[in-house]
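Each chain, letter by letter, is given below.
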Amino acid sequence: MPAAKKTHNPILEKTYKCPKLSALNAKEEKVSLSDFSGNWLVLYFYPKDMTSGCTTEAQDFQSQAKKFSSLNCQIVGVSKDSCLSHKKFTEKENLKFTLLSDSDGKFCEAFAVWKEKSMYGKKYMGIERSTFIIDPKGNVVAEWRKVKVAQHVDEVFKTLKQLL
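The rules behind each value
Residues numbered from 1 in each chain as written. Predicted model: local features only at pLDDT ≥ 70, side-chain atom pairs only at ≥ 80, totals over all residues. Heavy atoms only, no water. Buried < 20%, exposed > 50% of the residue type's maximum accessible area, 1.4 Å probe, protein only. Helix = DSSP H or I, 4+ residues; strand = E, 2+ residues; numbered from the N terminus. Arc of directions from axis to C-beta. Pairing = 2+ DSSP bridges. Right-handed = clockwise from strand over helix to strand, strands pointing away.

Colleague: Just give me the short version of helix H3 (residues 83-93), but keep the residues and values in it.
Modeller: Within the sequence span of H3, burial applies to Cys 83, Ser 85, His 86, Phe 89, Thr 90 and Glu 93. Taken down its axis, H3 places every buried residue within 155° of arc, on the same side. Set apart from the buried face of H3 by more than 90 degrees, the exposed residues are Leu 84, Glu 91 and Lys 92. Two residues or fewer past H3, Asn 94 is found with a positive phi of approximately 55°.

Here you go:
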């Protein structure tokens, strides 16, 4: 009989203050994380616009955006792609939520998602797919690291409901 699969509890025992950061969105407008205070926020980091896993994740968040919104929760995606790349991605995939361009890497650094990765034996630096839930007071209350895209958005929504 196979061993029971360990489940990860993303809800943090010790929460921490969300860093005070800002970046440009797809329209090249400055957006600060503090702009979302008073609301729940799902902040997710992904490696690259228009790649298969990142597209699937964005589509999953978009398809469930109304459910998140009904719980007073907004969704923001972050990658190091340019504002122009984000603009093309949001238009192509009809994304209605905010994508931020972390071109200087400050978001990645603050959330410790810039990691050494390996593909086909070659090492490189990149974004480790990660998701954070931030409460209306600006505290990071849940986090997922090394995210696998399949069913991830469902798990984030379920966790958000637990936190309410």
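Colleague: Describe in detail the pairing of strand E6 (residues 98-101), supporting the description with residues and values.
Modeller: Where strand E2 (residues 22-25) lies against E6, two bridges are found, and the strand directions are antiparallel. Bridging across to E6, Asn 25 finds its partner in Leu 100. Bridge analysis of strand E5 (residues 73-79) against E6 gives four bridges, and the strand direction is parallel. Bridge assignment links Val 76 to a residue of E6, and that residue is Thr 98. Between the parallel pair E5 and E6, the chain is carried across by H3, and the sense of this crossover is right-handed.

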